[in-house]
Structure formats: C-alpha cells, structure tokens
2 protein chains.
Amino acid sequence: MTTQEALKIYREKNEEMHALRHAMGVLHFDGDTAAPAESAEGRGKTLSYLSQCDYQIETGKELNEAVDHLKCHPEELSAQERREIEVFQRQKEFTASVPQDEFVAYVALLNKANAVWHKAKLDSDFAAFAPYIKDIFATNVRFAKYYRPDSAPYDTQLDRYERGLNMEKTDAFFNALKERIVPLLKKVMAKPQVDDSFIWGKRYPIEAQRQFSDYLMDVITINKRRCTIGETEHPFTTMFNKKDVRITTHYHEENPVYSMYSVIHEGGHALYELHSADALEGTILRGGVSMSMHESQSRFMENYVGRSREFISLIFPKMRELFPEQLKGVTAEQMYLAVNKAEPSLIRTEADELTYALHVLVRYEIEKGLFDGSIAVEDLPKIWNAKYKEYLGIDVPDDRRGVLQDSHWSNGNVGYFPSYALGSAYGAQMLAKMKQTVDVEGAIRSGDLSPITGWLEEHIWKHGAMYDPMELLERAVGEPFDPKYFTDYLEKKFTEIYGL
Amino acid sequence: MTTQEALKIYREKNEEMHALRHAMGVLHFDGDTAAPAESAEGRGKTLSYLSQCDYQIETGKELNEAVDHLKCHPEELSAQERREIEVFQRQKEFTASVPQDEFVAYVALLNKANAVWHKAKLDSDFAAFAPYIKDIFATNVRFAKYYRPDSAPYDTQLDRYERGLNMEKTDAFFNALKERIVPLLKKVMAKPQVDDSFIWGKRYPIEAQRQFSDYLMDVITINKRRCTIGETEHPFTTMFNKKDVRITTHYHEENPVYSMYSVIHEGGHALYELHSADALEGTILRGGVSMSMHESQSRFMENYVGRSREFISLIFPKMRELFPEQLKGVTAEQMYLAVNKAEPSLIRTEADELTYALHVLVRYEIEKGLFDGSIAVEDLPKIWNAKYKEYLGIDVPDDRRGVLQDSHWSNGNVGYFPSYALGSAYGAQMLAKMKQTVDVEGAIRSGDLSPITGWLEEHIWKHGAMYDPMELLERAVGEPFDPKYFTDYLEKKFTEIYGL
C-alpha cells in the first residue's frame, strides 16, 4: 500500500462515517424537535443499525490497515493529516475496546432513556428514571475499564471529554473556585438584593420573543442561512457541518430573559462550529475540540458579552420596541442589574454567573460518587438535595427541580458537567488576554462585535480540533490555564454590582 | 439453504433497508422543515451514501439468493410472506436495472433540484429550474428503458406508481371526466357565484389557526402521540412507521380555510399509515399501497368528509370560538357554500373539487409530452399557460403561479399527478359502497367518525400493500373501478349548491 492509497481509503471511510453520524445526528435532532411521542422505538432501531455500520467501519480491517500505514509514514503527511490520524486513532482505540453488541445496546438504551427521562421529569418521578441512571453509569464504568483497565473509570471519562483532565485536577479547580466564590456569595447575600420585579407579572408574547431571537442572532453575527433556530423543552446546539448548525431555545411567556440567554448561549456554540476552518471541513478535525472549549465559547457570548452593561445598552431599545407595555419606564441600567442578579437557585440553566459553578460542583461530586460506588442511585435525590442545601443553602422541593432537571445523563453525557465550569474559566482567561489588544466594551457598545468574534475565530474557532484543548488555550492566551481570571472577573463584577 | 435460513436473511436485510430509508426520510423531512438554506450540499452527500448502502443491500447477492430460494418454495411460506417476496422482487427488478452510479447521481440531483426549485418558484424564474426538469425527465426516461426496454417509458412510469395503469387507461379515465366535468363547470359558471367574501379582508392569527389544526386532528381521529404536525411552504405527509407519521400545513394569515383543508387532506394520508395492520409493521407491505390509493384516502377526508354540509356544521362552533370577531354573523351554511365555491383558478392545491381534475389533466398531458419528446422543456411555460387557457379558461400571470407551482418534479415524482384525480375517483366509489351500510352523514353530524374510519380501516387501511391497488379497490367495493361514481357525485353536489 502506498501512502496515497492509504490516504484515499482513510478519506473514503471518513466520509462514510461522517454520513452515518450526520444521519444519526438528524435523527436525534428530529426526535427532540418534531417527532411524535411514541416514535422512540422505531428511531432506536434505526439508530442501532446506523451506529453498528459506523462501528464496523471505524474498527474495520480496511480502514485500520490504512491508518497503520499512515502512522508509520508521518513524514509523508501534512501536519493536518498527521493530526487527523492521531485523533482518529485515539477515538478508535476507545471504540474498538468496546464489544460491538454492547456498543449497539448502549445506543438503544440511550434512545429509550431519553424518552423515559422526559416523562419522569414531567411527573417528578425519580423511580421511573432510576434504573436507567444505574444502567447508563454501569455501562460507562464498564466501557472506561475496557478502554483503560488500569485507570480509575471517572478519570478516563473526564479525559475523554477533556483530554488531560482527571479528578485530581478537577478537584483542585473546584477548590480554587469554592475558596473565592463561597465567601463572595456570602458578602453578596448580606447586601440588599437587586430588584428584578419589574420583569415579572407580565405576558411576553412568544411571537415577539421569536422576533427577539432573530434579532439577537443577527447581533452576535450568526449567519442564518447556515444556522436555524428551533424550539425544545431544553435548549441545545447541534451541528452537522459548517453550513448546517441548529440551535434551539425555550420560550417562557412570563419572562423573555430566559430565552434571550438561551439564544446567546447556544449562539456561542453555533459560532464556534460555523467558523471552523474550511480546510478542516469533512474531516474528523472540524468543529469544536472539546466540551469545555465549547462551553468557553457559549458562556463567553452569554456572560462576558451578553451580560455586560454595554450589551444590555445595545439591545435594550429593541427589547422596548418588542415589549413596549411590559417594559414601560424601565431603564437599560435596571435591566443590566436584573440580568445579573445573583442568588442561590434551584435550576442550573437559570443560575447566575456567580452561583453557576456551585451547581456544577454538586453534579461533579455526585458523578464521582456514582463512578466509585460511594453513592447508590437510590440515594440520589437525598444526596442531591443535601448538597444543594450545603453549597447553595436552599431546599429542593421536588425531583423535577432537583436531580431530574438535566437531560445529560439520559443522553449518556456522563462526565460532561465539569466542562461548564471549566469553560467559564477558560473564557475568562481568553477575555483577559483579548482585552490586551481589543477594546471589548467599545466593540459591544458600537454593536459591531467583529473585533471580538475576529479574535475568537483567529485564536479558537478556526483551529477546530487541530490542538488538544489545553494546548489550544495556552496558544491563545500565552500561558497555562489559570482559574484566577475567572474568580477575579466574578469578584470585580459582583463587587461593583452589589457595592461590596 | 433452508427456507427458515432464507427467511431470516430476508428479514434481516429488510430491516437494514428499512433503517436506511427511515434515516433518509428523516433527512428529507428535516431538510423541508428545519434545516438552514445552505445545508443542501451536506445533506446531499449523506443521502447519496445512504442510498448507495440501500442499493447494495437490495441488489446484493446474499439477499437475492435468499429471495430466489423463497420464490422456489412458495408452499412453505404464509400468504403474507409470499406477497412480501413478490413486492420486493418487483421493486428490486427496477432498482437492479439501474446502474448504481446513475442511481446515486439521481439522488444527489434531486436533492439539489429541490433547493433550486424552492428559489426558482420564489423568484418566478423558470430558466433557473429548467435544466433540472430536463435532467430529471431524461433520467426517468432512461431508467424506464433500463427497466422495461420494450415499453413506452411513460407507461412504465405510470405502472410504477399505480400497478396496472398505462396511458391508454389514463386517457380513457380523463376523457370520461372531461365529458361530464366540462359541461357541468359551464353550467355552474352561468349561475350566480357563491359568496365567500366574508372570509376575506381579515386577519386570522397563526396561533389560533394552530389550535384549529389540533382540534381538526382530533375530530378526524388522528392519534397525536403517533403523528405530529409541522409547518412548511407546501403541505405534505411523511411516514416512517405506524407510530411515527408527520403531516405539515401552511398557515395563511388572511384565510384559515387553506390550512384547514391541508390538515384534513394530510390527515387522511396519515390515517391510512397509522392504521396499517400490526402484522405488516416492519415489512415492505406496511403503509399505503400506492399513490392513488393514498390520494383516495386524503381526498376522502378532505372532500367527502371535510367539505360535507354535516362536517361544516360540526366544526363551525369551534371556528367561531377561535375567530369570534372575524366570523361574526356568519352561519355554518354560508361557510359550507364558501368552501365549495367552484371556479377556475391558478393553483392546483387550492382548487375546488369540480375543477381539480382539470388541473391534473394539464400536468398529465405535459408529462406525457415530455416523456415522448413532443414537448420541449423550453416551451413548458407557454404550453402550461395555453392548457390552462384551454381547460380552465384563465390566464396565468407568472410561472410562480404556473409551471413552477408544484414541488413534484423537483422531488422526482414524475408520473405522480394522475394519482390525484384517480384517487378522487377511487374515493367516490368507496363512498358509494360505504353508504350501503354506513350512515355517513349521520356519523359526521354526530362528531363520531368511527363508522367511517372503521369501514376504511377494514377495507383499505389495514391491508397495507397486501393487494395491488386495483384489486384492493375491487375487494372493497365489490366491482371494478368505475369513474362514474365520481362524476355522479360531482353532478349531484354542484347541482344542489348552484341550483342547476
């Protein structure tokens, strides 16, 4: 086999897997957005078959002989090709370590689990979903052991989401956050609370909120010919290629701010995918490199841009145009304070910037316990509620607003949660670096975000998965990851808002 | 190979093809409902790959050896199994006659053509779409010749949509219609026109129309846990299995009747799919047997149920509840007359029952001419407009409302149009037979449609593709197909409405 022949096989097989994953992605998206309630079973069968085809190609002899050849001839490959082979090899090692029937069974399990979770959450019925949590975690532990028999399974899992991450580093990270955030939150809570009462008690028609979403997508520079917006119970982003990205939101008639930040958050994810370099398109390297890096971009848009005073000034005229009666007499400054109100709350996705990491910490500790066996699934509601009491000082009234609130476990996203907090911290470090050369506030104030998006495209977006996440961050900011930028940011912002 | 082994292979391969077709169907549906404008290219690649996999299984050695074995041992098969093999064999013969690369290229062509057509229609730009019509018809002629070298290609095409149909029969059918409809329409046009002016000049909010759709789906007994409704420029129905059917509609703010009949029409398609027998599920026999039979069910619901005086009386209170200001002072009888107003018009999907078949006739004659070469694609707008003048007496102002109005050709549905007229005629014959044992008007008046849906389920829906369409019709009505039931129905109805 020549290197050209091997590359040809690699490219062909890559395209086939890409097509299968595209189809599976659309089936999932359709399942979340348009499919009827009883469609899960039929979809599950189709997903099982497609994932089986994918498995067979990924672990098949033809592709792997080609990849083995390419690995032995790195000097004949471009830097991008070498990286493609490296990333493929890493993914394949995991896939190949899992027996095919278990892999296919897991896909079917998740498809079913997601439907069960939806209903269980609606009914606040933990018992209905508990067997699935048990199965999903047990499967993840088993897979982690197949893959790396000598590592702690949760270390393996964290590393799969964020290469280089493990429990030791994550513990240190959360300790650094706790140390600064917990006392800061105490000081905030001792001050008079920000007034956001003017938002409530009114009706914000969905149709006007849809127009607001459209406007916000334009403001943050999303190309709507390549990215559409849908409506789901839980907002998310999915992507098939750089010309086909989808975001979703959820409209609450009583409060337009919820959807507003969903759109900006998911829009941040979308921008990352929409601006992956053309040269990476169709390869395994296209799109976001990791969940944390993705969250760094979504939370950058949501918080560092979207919750800034300048951003609220920029968009407030449009808000008042769409909701003239509802926002009569309200100023942009009042809205700025309202969207930054910090207080312990029940729902992670609605949490403010300051308390958000504590929500994530609860989930991290629980996942760790489920992986090492120190927490039993049956005890989850009790433990969840105790941790919310401990870290956030609040009582959880029911499992719907407690342990059943997130879709992640039902989708097999186990070990994902730390990404949210890490992402915020990555983003804060990027913001600090960006400010050395970009007038961030000025750009937002002017409504032309291109200096900001330009920096992110240059340093993050265009690189896709060319570098591991920590390396990408270090290249972008010129030093290793340091969570102090995040805690500094929080301290400065909330000191100002609450007059500490 | 034993028959059991052969059956096992047949079943497995059948499931694989089913999965691939499910995925392709969802990709198409998503492309029509949710995907961004520039996503067609990526979707085209994925569809090409999946259709290639499908082709390889369908024409593959393993499956065909199994099928050859089963064909030789019919005595060891159940009636259903024998029919499955017969239908598979028939489909496969067509597929296998087409070279794989041409088949895959055609899938890619259609994916592109559909996107081009959408834009061309919007811009009323025939020249942009013309090359695709040329390509699509040329491909269909070529495929028809591969399949049946000795038949006229359009005969082959008609037979593929409706087994047993050919140009001779279709000509005779349309002649029988023309003979009665043209003079009837003349008499109608000589009478004072029905007044539907009270509908116009108002705004019917989309949100209320969405509630109306929900209500209508309930009235016609659609299980909404198995069938959802979406919104597209052109209403359609798609189905993946009996627990996963989708209908779409299009809301016009200035007139709720358009969407109302889209919902009932597509709902009729959906009912047929939702009530295919359980025993057929997952087999090649599940769901509607042919396009004409499908149209017989959709137009049965739309016209014989939905445009009856009893149906309007039944639903009118709900209409008035949803649109109280807009329909103030309007009676159910006025609405009944308005939704049955007959007059020549430009748009097939908005045509009344009386003129509908003439719209179809125009398309049939054009397709025939494109197939035998007597019509050149360049001349299509001219010929289209001349035929509308000839049969309907009206001038076509632009191609958007003329030759570009239908999506069919862009989807490769060439030879499909006659199904619409045939379906209406099948349905009228079913109605006549049904009335011998069912109090149709009484059932509609009571709001309990189950005597009607029960008859249709028993005689049509549950049989899936167990019988060829003409045989299924004959079994249901006890005699061969006869278009006089349709023309009798039209004559009676419009004589009464217009006082002829």
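What counts as what
Along each chain, the written sequence defines residue order, and numbers are assigned to residues from 1. As they are written, the chains are lettered A onward and the ligands numbered 1 onward, keeping that order. Residues qualify for local features only when their pLDDT is at least 70, as the model is predicted, and side-chain atom pairs are given and counted only at 80 or more; totals for whole chains, interfaces and linings, by contrast, use all residues. Secondary structure follows DSSP: runs of H or I at least 4 residues long count as helices, runs of E at least 2 residues long count as strands, and numbering of each begins at the N terminus. Note that the radius of gyration is over C-alpha atoms, with the globule rule given as 2.2 Å times the number of residues to the power 0.38. Think of it as a crowd count around each C-beta: if 20 or more other C-beta atoms lie within 10 Å the residue is buried, if 12 or fewer it is exposed, and in between it is partly exposed, with C-beta placed from the backbone throughout. Residues are defined as contacting one another if the C-beta atoms placed from their backbone atoms lie within 7 Å. Residues are grouped as follows: Ala, Val, Leu, Ile, Met, Phe, Trp, Tyr, Cys and Pro are nonpolar; Asp, Glu, Lys and Arg are charged; all remaining types, including Gly, are polar. Each domain span listed reflects an automatic or database assignment of domains. Axis definition: a line fitted to C-alpha atoms, limited for helices to the stretch in contact. Angles are taken between N-to-C directions and run from 0 to 180 degrees. Here the word oblique covers every angle except those under 35 degrees (roughly parallel), over 145 (roughly antiparallel) and from 65 to 115 (roughly perpendicular). Between any two strands, at least two bridges found by DSSP are needed for them to pair. Superposition of the copies used a least-squares fit over C-alpha atoms from residues whose pLDDT is at least 70 in both. Take the buried Ala, Val, Leu, Ile, Met, Phe, Trp, Tyr and Cys residues, join any whose C-beta atoms are within 7 Å, and the set you get is a nonpolar core. The sense of a crossing depends on the near helix, which, turned anticlockwise from the far helix by less than a right angle, makes the crossing left-handed and, turned clockwise, makes it right-handed. Any helix carries an expected span of 1.5 Å times its number of residues minus one. The directions from the helix axis to the C-beta atoms form the arc being described.

Visitor: Which residues make up the overall build of chain A, and what are the values?
Guide: Looking only at helices and strands, one finds 20 helices and 3 strands in chain A. On C-alpha atoms alone, chain A measures out to a radius of gyration of 23 Å, which is about the 23 Å that the 2.2 N^0.38 rule sets for 500 residues. Taken along the three principal axes of its C-alpha coordinates, chain A extends 75 × 50 × 45 Å. In chain A, which comprises 500 residues, the share counted as buried stands at 45%. At a minimum sequence separation of 6, the contacts of chain A that also span at least 24 residues come to 72%.

Visitor: Talk me through the interface of chain B and chain A; I want residue IDs and the actual numbers.
Guide: Contact with chain B, which involves 31 residues of that partner, is made by 31 residues of chain A. At the level of elements, α1 (3-33), α2 (40-58), β1 (227-231), β2 (237-241) and β3 (244-249) of chain B are the ones that each hand at least two residues to the side of chain B that touches chain A. Ranked by the residues each element gives to the side of chain B that touches chain A, the list is headed by α1 of chain B, at 9 residues. Grouping the constituent residues of the side of chain B that touches chain A by class yields 13 nonpolar, 8 polar and 10 charged.

Visitor: Before we move on, could you go through the domain arrangement of chain A and cite the residues and values that matter?
Guide: All names here are of chain A. We note that the domain assignment places domain 1 (3-97) and domain 2 (167-498) within chain A. With 14 residues of domain 1 at the contact, the number on the domain 2 side is 13 residues. Among the elements that make up the side of domain 1 that touches domain 2, the one with the highest residue count is helix α1 (residues 3-33) (9 residues).

Visitor: Outline the packing of helix α6 (residues 126-147) of chain B against helix α7 (residues 153-161) of chain B, supporting the account with residue identities and numerical values.
Guide: Residue and element names in this part refer to chain B. Contact pair α6 / α7: the axes reach a minimum separation of 9 Å and the direction vectors enclose 85°. Here α6 is positioned roughly perpendicular relative to α7, judged by the angle of their axes. Note on element contacts: α7 touches α6 through Pro 153, Thr 156 and Gln 157, opposite Asn 140, Val 141, Ala 144, Lys 145 and Tyr 147. Of the residues in the contact of α6 with α7, the class split is 4 nonpolar, 3 polar and 1 charged.

Visitor: Go over the sheet that holds β3 of chain B, please, and point to the residues and values.
Guide: Residue and element names in this part refer to chain B. Spatial strand order, β1-β3-β2: 3 strands in an open sheet with mixed pairing. Lying at the two open borders of the sheet, with one neighbouring strand each, are β1 and β2. The sheet shows a mean angle of 20° between the axes of neighbouring strands, taken without regard to direction. Looking at chain direction, β2 and β3 are connected through 4 bridges and run antiparallel. Counterpart to Asn 241 in the pairing with β3 is Asp 244. With respect to the sheet, α1 is in contact with β1, β2 and β3, its orientation differing from that of β2 by roughly 150°. Sheet strands touched by helix α10 (residues 256-274): β1, β2 and β3. Its angle to β3, the strand with the most contacts, is close to 165°.

Visitor: Residue-level account of the relation of the copies chain B and chain A, with values.
Guide: Rotating chain B by 180° and moving it 0.0 Å along the rotation axis overlays it on chain A with an RMSD of 0.0 Å. The symmetry that links the two subunits is that of a two-fold axis. Looking at the rotation axis and the C-alpha trace of chain B, the residue lying nearest is Ala 23 of chain B, at 3.0 Å. Of the interface residues in chain B, 100% have counterparts in chain A that sit at the interface too, so the contact is made through matching surfaces.

Visitor: Can you tell me about the nonpolar core, naming the residues and giving the values?
Guide: One recurring pattern in soluble globular proteins is that nonpolar side chains are buried together. Of all hydrophobic cores here, the largest spans 267 residues; its most connected members are Ala 23 and Ile 220 of chain A together with Ala 23 and Ile 220 of chain B. Contact partners of Ile 220 of chain A, with chain neighbours within four places excluded, come to Ile 264, Gly 267, Leu 271, Met 301 and Leu 449 of chain A.

Visitor: An account of the environment of Glu 12 of chain B is requested, with residue identities and associated values reported.
Guide: All names here are of chain B. Here Glu 12 is to be found in helix α1. Since 14 C-beta atoms lie within 10 Å of it, Glu 12 is described here as partly exposed. Taking the C-alpha atoms as reference points, Glu 12 and Ser 276, separated by 264 residues in sequence, lie 21 Å from one another.

Visitor: Which residues make up the sheet that holds strand β3 (residues 244-249) of chain A, and what values do they have?
Guide: Residues and elements named next belong to chain A. What the 3 strands build is an open sheet, ordered β1-β3-β2; its pairing is mixed. Edge positions in the sheet fall to β1 (227-231) and β2 (237-241), since each of these pairs with one other strand and no more. With direction set aside, neighbouring strand axes in the sheet form an average angle of 20°. Of the strands in this sheet, β1, β2 and β3 touch helix α10 (residues 256-274), which is tilted by about 165° from β3.

Visitor: Now, about unusual backbone geometry: what can you tell me, with residues and values included?
Guide: Residue and element names in this part refer to chain A. The backbone of Thr 221 sits at a positive phi, close to 70°, despite the residue not being glycine. Relative to the helices and strands, Thr 221 resides in the loop between α9 (206-219) and β1. Under the C-beta neighbour-count criterion, Thr 221 is labelled partly exposed, with 17 such atoms within 10 Å.

Visitor: Any details on the packing of helix α3 (residues 61-72) of chain B against helix α4 (residues 79-97) of chain B? Residues and values, ideally.
Guide: Residues and elements named next belong to chain B. Orientation of α3 relative to α4, taken along the N-to-C sense of each, is 130°, at an axis distance of 10 Å. Classified by the angle their axes make, α3 and α4 are oblique. Where α3 crosses over α4, the two elements pack in a sense that is left-handed. For the pair formed by α3 and α4, the contact residues are Val 67, Leu 70 and Lys 71 on the first element and Ile 85, Phe 88 and Gln 89 on the second. Taken together, the residues of the contact of α3 with α4 sort by class into 4 nonpolar, 1 polar and 1 charged.

Visitor: Give a description of helix α20 (residues 484-498) of chain A that names residues and reports values.
Guide: Residues and elements named next belong to chain A. Compared with an ideal rise of 1.5 Å per residue, which puts 15 residues at 21 Å, α20 spans 21 Å between its outermost C-alpha atoms and is within 8% of the ideal. Within the span of α20, buried status applies to Phe 486, Thr 487, Tyr 489, Leu 490, Phe 494 and Tyr 498. In a view along the axis of α20, the buried residues occupy a sector of 155°, so they form one face of it. Exposed side of α20, more than 90 degrees from the buried face: Lys 492 and Glu 496 are the residues found there. Tucked into the core, α20 has its buried residues touching α8 (167-190), α14 (353-372) and α16 (418-434). Immediately beyond the C-terminal end of α20, within one or two residues, lies Gly 499, with a positive phi of roughly 55°.

Visitor: Explain the environment of Gly 499 of chain B to me, using residue names and the numbers behind them.
Guide: Residues and elements named next belong to chain B. Take Gly 499: it is sitting in the segment after α20 (484-498). By the C-beta count within 10 Å, which is 8 here, Gly 499 ends up exposed. For the pair formed by Gly 499 and Pro 192, sequence separation is 307 residues and the distance between their alpha carbons is 9.7 Å.

Visitor: I'd like a rundown of the pairing of β2 of chain A, residues and numbers included.
Guide: In terms of burial, β2 of chain A is a largely internal element, 5 of the 5 residues being buried. From the end of β2 of chain A to the start of β3 of chain A, which pair antiparallel, there are 2 residues.

Visitor: Please provide a residue-by-residue account of helix α14 (residues 353-372) of chain B, values included.
Guide: All names here are of chain B. With 20 residues, α14 ought to run about 28 Å at 1.5 Å a step, and its terminal C-alpha atoms sit 30 Å apart, in line with that. With respect to burial, α14 is a largely interior element, 16 of its 20 residues being buried. Immediately downstream of α14, the backbone of Gly 373 shows phi near 85°, a positive value.

Visitor: Break down the environment of Ala 6 of chain A for me, citing the residues and quoting the values.
Guide: All names here are of chain A. If you trace the backbone, Ala 6 turns up in helix α1. Taking C-alpha positions, Ala 6 is 9.6 Å from Asn 64, a pair spaced 58 residues apart along the chain. Beyond its immediate chain neighbours, meaning those up to four positions away, Ala 6 contacts Met 1, Ala 66, His 69 and Leu 70.

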